[in-house]
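# Coordinates in review
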Amino acid sequence: MNHNTSLSLGLLVLRLGFGGLMLTHGIPKLMNYSTLASQFPDPIGMGSQISLLLAIGAEVGCSLLLILGLFTRLATLPLIITMLVAALIVHGADPFAKKEAALTFLISYVTLLMTGPGRYALDVWIAPHLPRARKNEHLDD
């Protein structure tokens with residue numbers, strides 16, 4: 001197995017693993033929305049309902065995009081913000097053990113932001129069909 005294949009398989013495992021694990025945090029929030037909406041933490045002053053919706057959007061929607069490798073770098077941004085808020089604000093005064101999960105997720109999402117999804121992702125298949133990608137093809141001529 002060559003280096004590029006190993007790298008892409010590693011990025012696939014990272015996307016599937018951390019995307020799937022984050023779903024275990026987001027799906028319960030989605031399923032219990034009506035119960036959680038009034039009591040969800042409001043760490044940045046937007047209201048409990050909006051904070052919950054943003055968390056669900058990141059933890060479910062962006063995790064699904066990550067798993068598929070679709071708009072991967074864009075999908076990491078809400079996840080990174082959510083994990084920063086969780087680690088630094090929601091659990092800011094807590095012991096490190098309470099912050100550790102959020103920081104672990106944060107590290108994986110920053111890594112995917114920097115590397116992209118690897119070759120085993122929908123991004124790779126749709127990129128040639130995007131207008132910007134077609135425009136840039138002519139620059140190599």
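Figured I'd write up the structure that's included with this text. Just so it is clear, the structure is predicted and the values come from calculations on it, not from any experiment. (Residues numbered from 1 in each chain as written. Predicted model: local features only at pLDDT ≥ 70, side-chain atom pairs only at ≥ 80, totals over all residues. Heavy atoms only, no water.)

### Some details on the packing of aromatic side chains
For clarity, the cut-off: To pair, rings of Phe, Tyr and Trp, with the six-membered ring standing in for Trp, must have centres within 6.5 Å; the planes then decide the type, stacked if under 30 degrees apart, edge-to-face if over 60, and tilted in the middle. Numbering goes from the N terminus for both helices and strands, where a helix is a DSSP run of H or I of at least four residues and a strand is a run of E of at least two. Exposure categories follow from relative accessible area, calculated using a 1.4 Å probe and restricted to protein chains: below 20% of the type maximum is buried, above 50% is exposed, and the middle band is partly exposed.
Under the definition given, this model contains two aromatic pairs. When the centroid spacing of 5.6 Å and the interplanar angle of 80° are considered together, the rings of phenylalanine 18 and phenylalanine 105 count as edge-to-face. Of this pair, phenylalanine 18 sits in helix H1 (residues 3-31) while phenylalanine 105 sits in helix H5 (residues 96-115); the two residues are 87 residues apart in sequence, bridging distant segments of the chain. In this structure phenylalanine 105 comes out as buried when scored by relative accessible area, which is 7%. A network of ring pairs unites the aromatic residues Phe18, Phe105 and Tyr109 as a single cluster.

### With respect to the pattern of salt bridges
Going by this rule: Any carboxyl oxygen of Asp or Glu that lies within 4 Å of a side-chain nitrogen of Lys or Arg is treated as forming a salt bridge with it.
Within this structure, the stated rule accounts for one salt bridge. Lysine 29 is paired through a salt bridge with glutamate 59; the nearest N and O atoms lie 2.8 Å apart. One end of the pair, lysine 29, is in helix H1; the other, glutamate 59, is in helix H3 (residues 48-68), and 30 residues separate them in sequence. Glutamate 59 shares its class with lysine 29; the two are buried.

### Topic: unusual backbone geometry
The phi angle at phenylalanine 71 is positive, at roughly 50°, despite the residue not being glycine. By the secondary structure assignment, phenylalanine 71 is in the loop between H3 and helix H4 (72-90).

### Side note on H1
As a reminder, the rule being used: Multiplying one less than the number of residues by 1.5 Å gives the expected span of a helix. At any given residue, the bend is defined as the angle formed between two axes, one fitted to the seven residues that end at that position and one fitted to the seven that begin there. Any two residues having at least one pair of non-hydrogen atoms within 4.5 Å are treated as being in contact. Pairing of N or O atoms within 3.5 Å defines a polar contact, subject to two protein rules: one partner must be a possible hydrogen donor and the other a possible acceptor, and residues neighboring in sequence count only if both atoms are side-chain atoms.
Taking 1.5 Å per residue as the helical rise, H1 with its 29 residues ought to reach 42 Å, and the 41 Å between its terminal C-alpha atoms agrees with that figure. Maximal helix bending in H1 amounts to about 30°, located at threonine 24; proline proline 28 follows within four positions. Turning to H1, its buried residues are Thr5, Ser8, Leu11, Arg15, Phe18, Gly19, Met22, Leu23, Gly26 and Lys29. Each element contacted by the buried residues of H1 is listed here: helix H2 (33-36), H3, H4 and H5. Here H1 starts with a cap whose side-chain oxygen sits 3.1 Å from the backbone nitrogen of asparagine 4, and that cap is asparagine 2.

### With respect to the nonpolar core
Put simply, the rule is: Buried Ala, Val, Leu, Ile, Met, Phe, Trp, Tyr and Cys residues form a nonpolar core when they are joined through side-chain atoms within 4.5 Å.
One finds Met22, Leu66, Leu79, Met83, Ala102, Phe105 and Tyr109 to be the most contacted residues of the largest nonpolar core, which totals 17 residues. Within the residue set of this core, elements represented by two or more residues are H1, H3, H4 and H5. By residue number, the principal contributor to this core is H4, which donates six residues. Leave out the neighbours within four places in its chain, and tyrosine 109 touches Phe18, Met22, Leu66, Thr76, Leu79, Ile80 and Met83. In terms of nonpolar packing, the next biggest core, distinct from the first, is built from seven residues, Phe40, Leu52, Ala55 and Ile56 among them.

By themselves, these observations are geometric and do not establish any function.
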